[in-house]
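# What the coordinates show
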Amino acid sequence: MFNPNYLALSIAVSLSAFSQMTLAKQSDKIETIEVTGRAQQFYLETESKIGTKTNLDLIKLPQSAQVLTEQLIIDQAARDITDLYRSIAGVSEYSYSGVTFRGFRDDANVFYDGVRGDPYSGFGVPQLFNVERVEVLKGPASALYGGGEPGGMINYVTKKPSYLEKRELKLTLGNYNTRGASLDMTGGLSDTMAYRLGGFYEEQDSFRNNADSKNTELTGGLLFDLSDSTTLTTSIDYIKQDLGGNRLRGVPVDDNGNFLVDPSYNANESFDYQDMEALVLQAELNHSFSDDFSVSSTVRYLDNERDQAYHESQNWVDVNGDGVANIDDETIRREYRKQFRANEEISLTTDFVYNVEQGNLEHQFLFGGDYHVVETQYDYLRARYEADGVANLNIYTLNYGETDPSTYNLTDLDRDGVDTDRFGVYAQDVISIGEQWTVIAGLRYDYFKELNKETGFSYSDNGVTPRVAVTYQPIENTSVYINYSESFNPTSSGDQEDVVGEGNLDPETGKQTELGMKNRWFDGKIMSTFAVYQINKENVVMSNPDDTGAGDGIAALLNIGEVESRGFETTLVGDLSEHWTITANYAYNDTQVVDGVTGDTLSDTFGDGSRFANAPRHQAGLWSRFGLDSINSSIAFGANYVSEQVSSDGQKVKPFTVFDMSWTSRFDDVLLSVNINNLFDKEYAVSGFSQRNGHFPGSPREIVGQITYKF
């Protein structure tokens, strides 16, 4: 049995395979390329913008952060973000691409190149073809990035145009009829202009009944060096994701977490679907007014359409006539939902950075603002149960194909979407005091407005979120830090309407205190991080225990919940030897309801002192790569451990450990890799949902082979 306590003895943070290219143009327009790098640093990255929006050595960052490098993505044959969760301390899979982040469910705190605008929002699963690396910041991020849950945030850094001439063709084959191909090209078009062009397609059958996936992505970009001090980077990204038999729900279980039927069970029919199509346009302008004063501005436009139809499990049917509807009847009642949602989003982020020295002090001032507007169209039609023509489903003797949506009596629920505006301004000072002290102080003001187009109801809110942190380096390769940060997350207009006449619901807020230590070992080849934290999420929106539902003016919802998350995490990333590379993590978390309402479902709680849903106490992840240089090959092993959880209805989710491995061999310009996920074909659930929908099953053994040709 995998022992997380053993792994906890040695671990901490960040990235790999680092090779940085800088373009320098002389007055005579002759291009020179300066290449800097660190041999054998496959998974270790020592610098990132994720914690301050400016480049900062991670050992000086007073907050836990991780960077998952392109080399790690390649070695793990990761094609979507769920393949990487085991490498992130304190993060476990919830459903689709949503996660539990330091105990809190989160599927919305997602950024691309530091700005809002997720093309996969709404039950899509982000693909990694266009992603160079994944950056993860732990704890509240509102002081820089605005409203969100207090557990953390994920930032996808996309691939950019480059003067480096590169052409890469990749072919993918695997079980479950997995097949795909991708082409990625970069290079210079002139002394002042570079390009990137790429395309990706992959299809795969699911281990779940009536389910499959098809992913297409076409991307391109141009880099313009407008002057010695000004660059403009543009990109266009077209994404199409067709998921058959979705939205996928769970598999029914007993109270001990045992699957009642095979994990391939799916309540959906073969003609159900979830199709997504998105277009993303982005432009980033960087300009240096001087060596000490610069500005960076990014605008991102996103047009996203999601069309889906699916059968949703509701409750048991009393087939045997004993007066009780339960699992003994073996038959579930379903409803049919047909939904269309379109988002048109614009994000604009501008940051000014000014560096100044004052004696022994060095200041790096950041002044910035961001604006994010979303216009949503939403249609929702529903057919309920046999009365509307929806056939019941026997979960043991599956009777697919006995129902036909063309005959359903669909009711239009007259949904019409929402319009949302977010605006924020922020300031931050990173103060370096000599060689040993770094102080970060930041403050952000947020304004939030939302209009429910169906009812005409609108509301606005605002909040101020601070962050204060100190890092001390007693020696060059060791730092200790303390961090205080807050989060701000306004409630939806739908929830606000339930309390109209009673005053608005306050935003849900979080407060975190984090202490940590970071170390570099063996001349910087390895970096470790240890962090201990406490998060208190307050003003949690919960059902009013005094509400009778009789329309007597009593508010249905109140800010009466509080959740406390305590824990620690440790990570280790780097090279143990010339041939041996490792990334490992362990996290302990205890998330409980401090104050709440027994049986409330809005926040997935069960009353004071109870555990939060899908918040495991122990998690551990390992990926270790050993190079066999004599035969131009490498072999790698991985493990992912998640301890016991509870579902939103209190059913046990059993602990699991899953092992993986890979083999890669290089032949001149050809790289051959074979990855085996869930090596021993373990049956397990990654998380729990409701009693009627069961637990989300983990994938069985998956074998993926890839051939990459660079030309």
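Structural notes, computed from the coordinates. In this text the structure is predicted, and so the values were computed from the model without any measurement.

### Quick notes on the overall build of the protein
Check the secondary structure of the protein and you find four helices and 39 strands. Here the analysis covers contacts within the protein between residues at least 6 apart in sequence; of these, 68% occur between residues at least 24 apart. As displayed, the protein offers around 29,000 Å² of accessible surface, 52% of which is attributable to carbon and sulfur atoms.

### Structural notes on the sheet that holds strand β11 (residues 152-158)
If you walk across this open sheet you meet the four strands as β5-β10-β11-β9, and the pairing is mixed. Each edge of the open sheet is held by one strand with a lone partner, namely β5 (65-68) and β9 (110-112). Taken pair by pair, the neighbouring strands of this sheet meet at an average axis angle of 20°, ignoring direction. The pairing of β5 with strand β10 (residues 131-138) spans four bridges and is antiparallel. Paired with Gln66 across the two strands is Val136, which belongs to β10.

### Some thoughts on the packing of aromatic side chains
Taken as a whole, this structure holds 19 aromatic pairs when the rule is applied. The interplanar angle of 25° and the centroid separation of 4.8 Å between the aromatic rings of Phe289 and Phe293 together place this pair among those described as stacked. Taken together, a centroid distance of 6.1 Å and an interplanar angle of 20° make the contact between Phe365 and Phe367 stacked. Taking the relative accessible area as the measure of exposure, Phe367 reaches 45% and is therefore partly exposed. Each residue in the set Phe289, Phe293, Phe352 and Tyr354 is aromatic and connected to the rest through ring pairs, giving one cluster. Note that Arg196 overlies the ring of Phe129, its terminal NZ or CZ placed 5.7 Å from the centroid.

### Concerning the pairing of strand β19 (residues 331-358)
The pairing of strand β18 (residues 293-316) with β19 spans 23 bridges and is antiparallel. If you follow Ser296 over to β19, its bridge partner there is Asp351. In this structure, β19 lies alongside strand β21 (residues 393-394), joined through two bridges in antiparallel fashion. Counterpart to Ile332 in the pairing with β21 is Leu393. When β19 meets strand β20 (residues 361-384), the two strands line up antiparallel, connected through 24 bridges. Bridged to Gln358 within β20 is Leu361. Once β19 ends, the chain turns through two residues before running back antiparallel as β20, passing Gly359 with a positive phi of about 65°.

### Notes on the sheet that holds strand β7 (residues 98-101)
The sheet built from three strands is open, its strands ordered β6-β7-β8 with antiparallel pairing. The open sheet has two edge strands with one neighbour each: β6 (91-95) and β8 (104-106). Shown here is a sheet whose adjacent strand axes are inclined to one another by a mean of 35°, direction ignored. In terms of strand pairing, β7 meets β8 through three bridges, oriented antiparallel. Its bridge partner lying in β8, Phe101 is registered against Phe104.

### Considering the environment of Thr583
Of note, Thr583 is situated in strand β30 (residues 580-595). Exposure remark for Thr583: the relative accessible area of 6% places this residue in the buried category. C-alpha of Thr583 to C-alpha of Ser528: the two residues are 55 residues apart in sequence and 9.8 Å apart in space. Apart from the residues within four sequence positions on either side, Thr583 is in contact with Tyr43, Leu72, Leu572, Val573, Gly621, Leu622 and Trp623.

### Structural notes on the nonpolar core
Of all hydrophobic cores here, the largest spans 50 residues; its most connected members are Leu84, Leu128, Val134, Leu137, Tyr145, Met153 and Tyr156. In terms of residue count, the dominant contributor to this core is β10 (four residues). Discounting residues that sit within four places of it in the chain, Tyr156 has contacts with Ile81, Val110, Phe111, Tyr112, Asp113, Pro126, Leu128, Val131, Arg133 and Val134. By size, the runner-up hydrophobic cluster in this structure holds 12 residues, among which are Tyr265, Ile332, Ile395 and Val653.

### Structural notes on the pattern of salt bridges
Going through the model one piece at a time under the given rule, you end up with 33 salt bridges. With a closest N to O distance of 3.0 Å, Asp184 and Arg196 form a salt bridge. Within this pair, whereas Asp184 is found in strand β13 (residues 178-190), its partner Arg196 is found in strand β14 (residues 193-205), the two being separated by 12 residues in sequence. Considered together, Asp184 and Arg196 belong to a single accessibility category, that of buried residues. In this structure, the salt-bridge partner of Arg334 is Glu269, at a minimum N-O distance of 3.1 Å. Residue Arg334 is located in strand β19, and its partner Glu269 is located in the loop between β16 (230-244) and β17 (273-288); the two are separated by 65 residues in the primary sequence. For the pair Arg334 and Glu269, a shared accessibility class is recorded, and that class is buried.

### Observations concerning a negative patch on the surface
On the surface, a cluster of negative charge is contributed by Asp291, Asp292, Glu357, Glu362, Glu435 and Glu476. Examined against the element boundaries, Glu357 turns out to sit in strand β19. The class of Glu357 is exposed, set by a relative accessible area of 62%.

### Some points on the side chain of Arg334
Judged by relative accessible area, which is 0%, Arg334 ranks as buried. At 3.1 Å, the side chain of Arg334 and the backbone oxygen of Ala391 are in polar contact. The contacts of Arg334, once residues within four sequence positions are left out, are Ala267, Glu269, His311, Glu312, Ser313, Arg384, Tyr385, Val390, Ala391, Asn392, Leu393 and Thr403.

### Digging into the side chain of Asp370
The residue Asp370 is located in strand β20 in this model. By relative accessible area, Asp370 is classed as buried at 14%. A polar atom in the side chain of Asp370 sits 2.7 Å from the side chain of Arg444. Aside from chain neighbours lying at most four places away, what touches Asp370 is Lys53, Leu144, Leu348, Thr349, Arg422, Phe423, Gly424, Tyr426 and Arg444.

### Observations concerning the environment of Ser347
Looking at the element boundaries, Ser347 is found in strand β19. A relative accessible area of 3% means that Ser347 is categorised as buried. When the C-alpha positions of Ser347 and Val299 are compared, they lie 5.6 Å apart, and in sequence the two are 48 residues distant. When residues no more than four places from it in sequence are discounted, the contact partners of Ser347 are Val115, Arg116, Gly117, Thr298, Val299, Arg300, Tyr371 and His372.

### Description of the pairing of β13
Pairing of strand β12 (residues 166-174) with β13 involves nine bridges; the strand directions are antiparallel. Its bridge partner lying in β13, Gly174 is registered against Thr178. Counting the residues that bridge the hairpin from β12 to β13 gives three residues, and of these Tyr176 lies at a positive phi of roughly 55°. Bridge analysis of β13 against β14 gives 11 bridges, and the strand direction is antiparallel. Of the residues in β14, the one forming a bridge with Arg179 is Glu203. In textbook terms, the turn of a hairpin is the stretch between consecutive antiparallel strands, and for β13 and β14 this stretch comprises two residues.

About the criteria used
- Here the residue index of a chain counts from 1 through its sequence in written order.
- In view of the model being predicted, local features appear only for residues whose pLDDT reaches at least 70, and side-chain atom pairs are presented and counted only at 80 or more, with totals across whole chains, interfaces and linings using the full set of residues.
- Each side-chain value is derived from all of the structure's non-hydrogen atoms; neither hydrogens nor water enter the calculation.
- Secondary structure elements are taken from DSSP: a helix is a run of H or I of four residues or more, a strand is a run of E of two residues or more, and numbering for both begins at the N terminus.
- Residues are treated as being in contact if the distance between any of their heavy atoms lies within 4.5 Å.
- Areas reported here follow the Shrake-Rupley algorithm with a probe of radius 1.4 Å; residue values treat only the protein chains shown as occluding.
- In short, DSSP must find at least two bridges between two strands for them to pair.
- Interaxial angles span 0 to 180 degrees and are taken between N-to-C directions of axes, which are lines fitted to C-alpha atoms, for helices over the stretch in contact.
- Any two of the Phe, Tyr and Trp rings considered here, Trp counted by its six-membered ring, make a pair once their centres fall within 6.5 Å; the pair's planes then place it as stacked at under 30 degrees, edge-to-face at over 60, or tilted in between.
- When a residue's accessible area, from a 1.4 Å probe over protein chains only, is under 20% of the maximum for its type it is buried; when over 50% it is exposed; and in between it is partly exposed.
- Counted as over-ring charges are cases with an Arg CZ or a Lys NZ within 6 Å of the ring centre that also lie within 35 degrees of the ring normal.
- In plain words, nonpolar cores are sets of buried Ala, Val, Leu, Ile, Met, Phe, Trp, Tyr and Cys residues tied together by side-chain atoms within 4.5 Å.
- Only one rule defines a salt bridge in this text: a Lys or Arg side-chain nitrogen within 4 Å of an Asp or Glu carboxyl oxygen.
- Patch membership requires more than 30% relative accessible area and the absence of a salt bridge. Residues of like charge join within 9 Å; the nonpolar side chains Val, Leu, Ile, Met, Phe, Trp and Tyr join within 5 Å.
- Only four residue types enter the tally: Lys and Arg on the positive side, Asp and Glu on the negative side; His and the chain ends are excluded.
- Where a charge lies is defined by one atom per residue type: Lys uses NZ, Arg uses CZ, Asp uses CG and Glu uses CD.
- N or O atoms closer than or at 3.5 Å make up a polar contact, with two conditions inside protein: a donor-capable atom paired with an acceptor-capable one, and, for residues adjacent in sequence, both atoms drawn from side chains.

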